[in-house]
Amino acid sequence: MEIGTAKPSAEERARVPHHCLDLYWPNEACTAGDYARHARAAIADIRDRGKLPIVAGGTGLYLRALLEGLAPAPPRDEALRERLRSSAVKRDAGYLHRMLKRLDPRAAELIHANDTPKVIRSIEVTLSARQPQTEQWSVGRDPLLGYRVVQFALGPEREVLYARINQRAAAMFERGLVAETEMLRARFGDDCRALTSLGYAQAMSVLRGELTMAEAIAAAQQGHRNYAKRQLTWFRRESAMRWLTGFGDDESVTCEALELTRVALAQA
């Protein structure tokens, strides 16, 4: 999965070594806990080579899993999952999300209504443990130890941010996202969970004849804007986050981040 994931190019990876890419096939499951284990191993390896590990991304739950660890989750309940999947098919797409909102309002805020697998897992965890999933996160964690962590969040002007998101989403389609999705569907099937993610889901709608290309681009743009809004909401709750006003390619932002990092390293 290259285009829809905005994977760093070969040239970018030649300039700066990247880690934790291409670990799973699109039809293989990977949880936040799996990510944390891979990331911690990569970070330790980078440190042991005398280099500075940099974690880049935007998924709050995965960052939390890395830094704080996750509480042990109840075992999978396939019978419950199947009932929930059937409900999602029989009713509208938002039915399970409304159920989750009643069970765990905070989890519903963090999971998009169209991300059915995550919604189902959250409901499953909540019902199995008889406790909201977000409350379970604070119990039995395994925090990352032995590092001085400095966290930065980019906070550009909302209007400019949305304009850049729109450009990026449209560029993915221009670069061949539909063709990439068609290739992935041919190899992994229509039920491949990865093809329900933002961008790929809209490309699948084009392949099924449900949306025109223009409609798919507009839907992807809206979906990415909504996701960015949820990211901002999540990270504003993080007291350790240092906010930088602008984009990562703004020279002033780069200089500020470097200076803050130098200060943190000097205090280590």
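One can find the structure itself at the top, above this paragraph.
About the criteria used
Note on numbering: residues in each chain are counted from 1, in written sequence order. Where local features are concerned, this predicted model is filtered to residues with pLDDT of at least 70; where side-chain atom pairs are given and counted, the filter is 80 or more; whole-chain, interface and lining totals use all residues. Only heavy atoms go into the side-chain values, all of them from the structure, while hydrogens and water stay out. In DSSP terms, a helix is any run of H or I states spanning at least four residues, a strand is any run of E spanning at least two, and both are numbered starting from the N terminus. For this measure, only C-alpha atoms enter the radius of gyration; the expected value for a globule follows 2.2 Å times N^0.38, where N is the number of residues. Summary of the burial criterion: residues with accessible area below 20% of their type's maximum are buried, those above 50% are exposed, and those between are partly exposed, where the area comes from a 1.4 Å probe applied to protein chains only. Note on definitions: a residue-residue contact is assigned when non-hydrogen atoms from the two residues lie within 4.5 Å. For every accessible area listed, the method is Shrake-Rupley and the probe measures 1.4 Å; residues are considered covered only by the protein chains on display. We define a salt bridge as a side-chain nitrogen of Lys or Arg found within 4 Å of a carboxyl oxygen belonging to Asp or Glu. Any two rings among Phe, Tyr and Trp, with Trp reduced to its six-membered ring, count as a pair given centres within 6.5 Å; such a pair is stacked if its planes are under 30 degrees apart, edge-to-face if over 60, and tilted if neither. Here, a charge over a ring is recorded when the distance from Lys NZ or Arg CZ to the ring centre is within 6 Å and its angle to the ring normal is within 35 degrees. When charges are counted, Lys and Arg are positive and Asp and Glu negative, with His and the chain ends excluded. N or O atoms within 3.5 Å of each other form a polar contact, as long as, within protein, one can give a hydrogen and the other can take it, and as long as residues adjacent in sequence are counted only when both atoms are side-chain atoms. Among the buried residues, those of types Ala, Val, Leu, Ile, Met, Phe, Trp, Tyr and Cys that are joined through side-chain atoms within 4.5 Å form a nonpolar core. Between any two strands, pairing holds if DSSP finds at least two bridges. Cysteine sulfur pairs qualify as disulfides if the two atoms are within 2.5 Å. In this description, a line fitted to the C-alpha atoms serves as the axis of each element, helices being fitted only across the stretch in contact, and the angle between N-to-C directions of two axes falls anywhere from 0 to 180 degrees. Here the angle decides the label: under 35 degrees means roughly parallel, over 145 means roughly antiparallel, 65 to 115 means roughly perpendicular, and every other value means oblique. Throughout, a crossing is termed right-handed when the near helix is turned clockwise from the far one, and left-handed when it is turned anticlockwise from it by less than a right angle. We call Asp, Glu, Lys and Arg charged. Ala, Val, Leu, Ile, Met, Phe, Trp, Tyr, Cys and Pro are nonpolar, and the rest, Gly among them, are polar.

**A few points about the overall build of the chain**
Regarding its fold elements, the chain presents 13 helices and 2 strands. Taken over the C-alpha trace, the chain has a radius of gyration of 20 Å; the compact-globule value for 268 residues is 18 Å, and the two agree within 12%. For the C-alpha atoms alone, the extent of the chain along its principal axes is close to 60 × 45 × 35 Å. Considering the chain as a whole, with its 268 residues, one finds that 36% of them fall into the buried category. In the chain, of all internal contacts separated by at least 6 residues, the share reaching a separation of at least 24 is 66%. Accessible surface, the chain as shown: approximately 16300 Å² in total, 53% of it carbon and sulfur.

**Some thoughts on the pattern of salt bridges**
On inspection of all chains with the given rule, the structure shows 18 salt bridges. As a salt-bridge pair, D142 and R40 come within 3.4 Å of each other at their nearest N and O atoms. In this pair, D142 sits in the loop between α8 (133–136) and β1 (151–154) while R40 sits in helix α2 (residues 32–48), placing the two residues 102 residues apart along the sequence. Its salt-bridge partner being D48, residue R47 comes within 3.3 Å of it at the nearest N-O pair. Because the salt bridges share partners, they merge into one network encompassing E2, K7, R13 and D22.

**Some points on the packing of aromatic side chains**
Here the structure, examined in full by the defined rule, presents 2 aromatic pairs. A ring pair is formed by W25 and F188, whose centres lie 6.4 Å apart and whose planes are at 40°; its orientation type is tilted. Taken together, the residues W25 in the loop between α1 (10–15) and α2 and F188 in helix α10 (residues 177–188) connect sequence positions 163 residues apart. Measuring from centroid to centroid gives 5.3 Å for Y35 and Y62, while their planes differ by 45°, and the two rings are tilted. Of this pair, Y35 sits in helix α2 while Y62 sits in helix α3 (residues 60–68); the two residues are 27 residues apart in sequence, bridging distant segments of the chain. When the ring centre of Y95 is taken as origin, the NZ or CZ atom of R91, which lies over that ring, is 4.3 Å away. A cation over an aromatic ring shows up here: R236 above the ring of W243, its NZ or CZ 5.7 Å from the ring centre.

**Details of the side chain of E180**
Turning to its location among the elements, E180 is positioned in helix α10. Despite its burial, E180 pairs with no opposite charge, the nearest such side chain being R175 at 6.9 Å. Side-chain polar atoms of E180 contact the backbone nitrogen of E2, separated by 3.2 Å.

**Re the nonpolar core**
The biggest cluster of nonpolar side chains holds 18 residues, and the ones touching the most others in it are F173, L177 and L195. Each residue touching L195, except ones within four places of it in the same chain, is listed here: T181, L184, R185, G189, Y200, A201 and M204. Within the second largest apolar cluster, 12 residues are counted, among which are M99, A107, I111 and I123.

**Some thoughts on the pairing of β1**
Residues Q151 and A153 line the buried face of β1, whereas the alternating positions F152 and L154 sit on a face that is not buried. Across 4 bridges, β1 lies against strand β2 (residues 241–244) in parallel orientation. Bridging across to β2, Q151 finds its partner in M241.

**Details of the state of the cysteines**
Per the stated rule, a full pass over the model turns up 0 disulfides. C30 takes part in no disulfide bond, and the closest cysteine sulfur, belonging to C20, lies 9.1 Å away. Take C30: its relative accessible area is 32%, and that puts it in the partly exposed class. Lacking any disulfide linkage, C192 is separated from the closest cysteine sulfur, that of C30, by 13 Å. Judged by its relative accessible area of 4%, C192 is buried.

**Here's the deal with the packing of α2 against α3**
Where α2 meets α3, the closest approach of the two axes is 8 Å, and the angle between their N-to-C directions is 55°. As judged from the angle between their axes, α2 and α3 are oblique. The element α2 and its partner α3 pack so that their crossing is right-handed. Along its contact with α2, which presents A32, Y35, A36, A39, R40 and I43, the element α3 presents L61, Y62, A65, L66, L67 and E68. Taken together, the residues that form the contact of α2 with α3 break down as 10 nonpolar, no polar and 2 charged.

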